[in-house]
Amino acid sequence: YLPTDCRLADVFIFDQEGIFVSRLSDKRFVFTTDYSLSTQLPIGNYTFVSWLNLQSCYEIEPDEFIPGETRFDDAFLHFSRYVQEIETVPEALFYGSLTDVTITGRKQEITIPVIPDNYRVNFTVTGPLDSQHYYQFGIRATNGTYTFDNSFAPCGEHFYNRFTRTNEENKLISGHTLMR
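Summarised in this report is the structure supplied together with it.

## Regarding the overall build of the protein chain
Item 1. Counting secondary structure elements, the protein chain contains 0 helices and 13 strands.
Item 2. Order of helices (α) and strands (β) in the protein chain, N terminus to C terminus: β-β-β-β-β-β-β-β-β-β-β-β-β.
Item 3. Computed over its C-alpha atoms, the radius of gyration of the protein chain comes to 20 Å, more than 25% above the 16 Å expected for a compact globule of 180 residues.
Item 4. Taking the principal axes of its C-alpha atoms as reference, the protein chain extends roughly 70 × 35 × 20 Å.
Item 5. Taking as baseline every contact in the protein chain between residues at least 6 positions apart, the subset at least 24 positions apart corresponds to 64%.

## Here we look at the sheet that holds strand E12 (residues 158-164)
Item 1. Taken in spatial order, the 3 strands make up an open sheet running E6-E12-E10, and their pairing is mixed. Lying at the two open borders of the sheet, with one neighbouring strand each, are strand E6 (85-86) and strand E10 (135-141).
Item 2. With 2 bridges connecting them, E6 and E12 associate as parallel partners. From the neighbouring strand, glutamate 85 faces E12, where its bridge partner is phenylalanine 159.

## Here we look at the sheet that holds strand E5 (residues 76-79)
Item 1. Spatially, E4-E5-E11 is the arrangement adopted by the 3 strands of the open sheet, whose pairing is antiparallel. Looking at which strands have only one partner, the edges of the open sheet turn out to be strand E4 (58-61) and strand E11 (145-147). In this sheet, neighbouring strand axes are inclined to one another by 20° on average, regardless of whether the strands run parallel or antiparallel.
Item 2. Note: E5 against E11, 3 bridges, orientation antiparallel. Pairing of histidine 78 across the sheet is with threonine 145, part of E11.

## Points about the pairing of strand E2 (residues 20-26)
Item 1. Pairing analysis gives 6 bridges linking strand E1 (residues 9-15) to E2, with the strands arranged antiparallel. Across the sheet, aspartate 10 pairs through a bridge with serine 25, a residue of E2.
Item 2. Between E1 and E2, which pair antiparallel one after the other, the connecting turn spans 4 residues, and glycine 18 there sits at a positive phi close to 80°.

## A closer look at unusual backbone geometry
Item 1. The omega torsion of the bond from glutamate 61 to proline 62 falls at 5°, within 30 degrees of zero and hence cis.
Item 2. The phi dihedral of asparagine 150 is positive, around 70°, even though this residue is not glycine.
Item 3. Relative to the helices and strands, asparagine 150 is located in the loop between E11 and E12.
Item 4. Judged by its relative accessible area of 9%, asparagine 150 is buried.

## Things to note about the pairing of E4
Item 1. Of the two faces of E4, only the one carrying Tyr58 and Ile60 is buried; Glu59 and Glu61 on the other face are not.
Item 2. As paired elements, E4 and E5 share 4 bridges and run antiparallel to each other. Paired with glutamate 59 across the bridge in E5 is histidine 78.

## Thoughts on the environment of aspartate 15
Item 1. Among the structural elements, aspartate 15 can be located in strand E1.
Item 2. With 53 residues separating them along the chain, aspartate 15 and glycine 68 place their C-alpha atoms 9.2 Å apart.
Item 3. For aspartate 15, the contacting residues outside a window of four places in its chain are Val21, Asn45 and Tyr46.

## Description of the nonpolar core
Item 1. Within the largest apolar cluster, 24 residues are counted, with the highest numbers of intra-cluster contacts made by Phe12, Trp51, Leu77 and Phe148.
Item 2. Going through the elements one at a time, E1, strand E3 (44-52), E4, E5, E10 and strand E13 (172-179) are the ones with two or more residues in this core.

## Let's talk about the side chain of aspartate 10
Item 1. Summarising the element assignment, aspartate 10 is placed in strand E1.
Item 2. One polar contact links aspartate 10 to arginine 23, side chain to side chain, over a distance of 3.0 Å.
Item 3. A polar contact is formed between the side chain of aspartate 10 and the side chain of serine 25, at a distance of 2.4 Å.
Item 4. The contact partners of aspartate 10, leaving out residues within four places of it in the chain, are Arg23, Leu24, Ser25, Val49, Ser50, Trp51 and Leu54.

About the thresholds
- Residues numbered from 1 in each chain as written.
- Predicted model: local features only at pLDDT ≥ 70, side-chain atom pairs only at ≥ 80, totals over all residues.
- Heavy atoms only, no water.
- Helix = DSSP H or I, 4+ residues; strand = E, 2+ residues; numbered from the N terminus.
- Rg over C-alpha atoms; globule rule 2.2 N^0.38 Å.
- Contact = heavy atoms within 4.5 Å.
- Pairing = 2+ DSSP bridges.
- Axes fitted to C-alpha atoms, helices over the stretch in contact; angles between N-to-C directions.
- Buried < 20%, exposed > 50% of the residue type's maximum accessible area, 1.4 Å probe, protein only.
- Core = buried A, V, L, I, M, F, W, Y, C linked by side-chain atoms within 4.5 Å.
- Polar contact = N/O pair within 3.5 Å; in protein donor to acceptor, adjacent residues only side chain to side chain.

Pasting the structure below:
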């Protein structure tokens, strides 16, 4: 993935008890080494969770995070929660977190390293293929829901589905972007 694949930045902040404090969002995000979001937090220890590129194919649960009420343990990210057959390519998604960060009340810089939360799987098939037919490639997976520590959570099965025809070399080539 390229840094230009990200257009949104969201940082969820939880206190030391795992209670939601604040959400920072930037809808004009540009991934650079000097990028920053600003906030003011009371002195204390916090957990920061960053999701980059929360496009419409991703849903956060609960729908509304309520400061002082929503718990870290009750927060989830879903990929296409109500769609089992996936025919569109998911947007690139990145995850990062920092736990037990002490806020001192002075100006601080906090760097949250992020990792991709998608994989790319490519298929190439050769053999006696009919160039007039479409062929289906599919992958079944149960990896569409994550907790806010980026662990897998129970979810239904997804079927990543792509149709393709042979190329000029009489090969079938199909690429799938999947959730990690």
